Amino acid sequence: LAAIMNSTPARMADWVDPLNETMRTFEISTPKRIAAFLANVRAETLGLSANWLTEHTGWNDPALRRVGNFNRLNLRNPMERAVYDGYLDGTLGNGASRGERQANYAYANFDGNGNEASGDGYRYRGRGVLQITRRGGYERASNGGTRGNAGREQIPGLNAIYGTDYDLVNRPEAAETDYTLAARMGAWYWKYGAAPVYGNLNSVTDRTNRTDEQNFRRTAQGVKGSVDDERVQTWHQVSNKIYDESV
């Protein structure tokens, strides 16, 4: 695990059991599935760094352009450009910090989140090893519902799967220090949380009519909404480590 995460055995020791358990439970059980899952985990958490189990806000340009409602702004329009620039420099918005104001705007009025003033955007920013976001995502991770809050597929939550009583809506910060919960949230998302257009990401990695890299790129889109070359390079590195161990 230390080699896969580009880390040290001491830093990874507390992650081994939570990840092994959760990958078994959510059938992340073949080399291809494991490589795709762990490559996304490494990219989302900077190699399972403890202070990256919660999404870092306070984005700079151009990263801010790709986040939530900012992605919908037409920056060629002077009024919308002024809104963007106000959040970029921290002079606009609701919240105690620039990052809080950005998140409250970025994630407002979607998937269970209230308006910008509600503070839901920052409260339900990404957490866990795959950064589950928004109130609806936290609710489904706890208690299930409809995949992606869209379509017809009914999915179980962690409480039904494990017989637990997680209340992530009222305690969203629980995943910041509980490695078992953080791992379970990520693996739950991998199998049940991605939008209907992506579905079960295990099934995406198993596709035989696409290359392994194409399959990985699709899983990255299911996790993040986009894919970049750095994440693909991470996947190549992780795959090589896993297949070397499998020989």
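Read on for an overview of the structure. (Residues numbered from 1 in each chain as written. Predicted model: local features only at pLDDT ≥ 70, side-chain atom pairs only at ≥ 80, totals over all residues. Heavy atoms only, no water.)

This part takes up the side chain of Thr-219. By the element assignment, Thr-219 lies in helix α11 (residues 212–224). Polar contacts involving the side chain of Thr-219 include one to the side chain of Asn-40, which spans 3.2 Å. (Helix = DSSP H or I, 4+ residues; strand = E, 2+ residues; numbered from the N terminus. Polar contact = N/O pair within 3.5 Å; in protein donor to acceptor, adjacent residues only side chain to side chain.)

With that out of the way, let us pick up the pattern of salt bridges. Tallied over the full model, the rule gives 14 salt bridges. Across the pair Glu-21 and Arg-184 runs a salt bridge, and its minimum N-O distance is 3.2 Å. A residue pair is termed long-range when its members are at least 10 positions apart, and Glu-21 in helix α2 (residues 16–25) and Arg-184 in helix α9 (residues 179–193) qualify at 163 residues. Assigned by exposure class, Glu-21 and Arg-184 land together as buried. The residue Lys-191 makes a salt bridge to Glu-27 at a minimum N-O spacing of 2.8 Å. Residue Lys-191 is found in helix α9, and its partner Glu-27 is found in the loop between α2 and α3 (31–45); the two are separated by 164 residues along the sequence. Assessed through its relative accessible area of 13%, Lys-191 is described here as buried. (Salt bridge = Lys/Arg side-chain N within 4 Å of Asp/Glu carboxyl O. Buried < 20%, exposed > 50% of the residue type's maximum accessible area, 1.4 Å probe, protein only.)

The residue Thr-54 is located in the loop between α3 and α4 (78–89) in this model. A distance of 3.3 Å separates a polar atom in the side chain of Thr-54 from a polar atom in the side chain of Glu-176. Setting aside its immediate chain neighbours within four residues, Thr-54 contacts Arg-125, Gly-126, Arg-127, Gln-131 and Glu-176. (Contact = heavy atoms within 4.5 Å.)

Right, let's get into the packing of aromatic side chains. This model, assessed by the stated rule, comprises 11 aromatic pairs. Taking the centre distance of 5.4 Å and the plane angle of 75° together, the rings of Phe-37 and Trp-190 count as edge-to-face. One end of the pair, Phe-37, is in helix α3; the other, Trp-190, is in helix α9, and 153 residues separate them in sequence. For the pair formed by Phe-37 and Trp-190, the shared burial category is buried. Aromatic side chains Phe-70 and Tyr-105 sit 4.7 Å apart centroid to centroid with 45° between the ring planes, which places their arrangement in the tilted category. Of this pair, Phe-70 sits in the loop between α3 and α4 while Tyr-105 sits in helix α5 (residues 98–106), and the two are 35 residues apart along the sequence. (Phe/Tyr/Trp six-rings, centres within 6.5 Å; stacked < 30°, edge-to-face > 60°.)

Considered for burial, the residues of α2 that qualify are Pro-18, Leu-19, Glu-21, Thr-22 and Met-23. Buried residues along α2 sit against α3, α8 (158–162) and α9. One or two steps after α2, the chain reaches Glu-27, where phi turns positive at roughly 60°.

Turning our eyes to something else, we now look at the packing of α3 against α11. Contact pair α3 / α11: the axes reach a minimum separation of 10 Å and the direction vectors enclose 45°. Judged by the angle between their axes, α3 and α11 are oblique. The two elements α3 and α11 cross, and the hand of that crossing is right-handed. Touching Lys-32, Ala-36, Ala-39, Asn-40 and Glu-44 of α3 are Asp-212, Phe-216, Thr-219, Ala-220, Val-223 and Lys-224, all from α11. Here the contact of α3 with α11 is built from residues that sort into five nonpolar, two polar and four charged. (Axes fitted to C-alpha atoms, helices over the stretch in contact; angles between N-to-C directions. Parallel < 35°, antiparallel > 145°, perpendicular 65-115°, else oblique. Left-handed = near helix turned anticlockwise from the far one by under 90°. Nonpolar A, V, L, I, M, F, W, Y, C, P; charged D, E, K, R; others polar.)

Moving on, we get to the nonpolar core. Of all hydrophobic cores here, the largest spans 49 residues; its most connected members are Trp-15, Phe-37, Val-129 and Trp-188. When contributions to this core are tallied by element, the ones reaching two or more residues are α2, α3, α7 (135–143), α9, α10 (201–205), α11 and α12 (229–246). Considering each element in turn, this core owes the most residues, nine residues, to α9. With residues near it in sequence (within four places) discarded, Val-129 still touches Trp-15, Phe-37, Val-41, Glu-44, Thr-45, Leu-48, Leu-53, Ala-182, Ala-183 and Gly-186. (Core = buried A, V, L, I, M, F, W, Y, C linked by side-chain atoms within 4.5 Å.)

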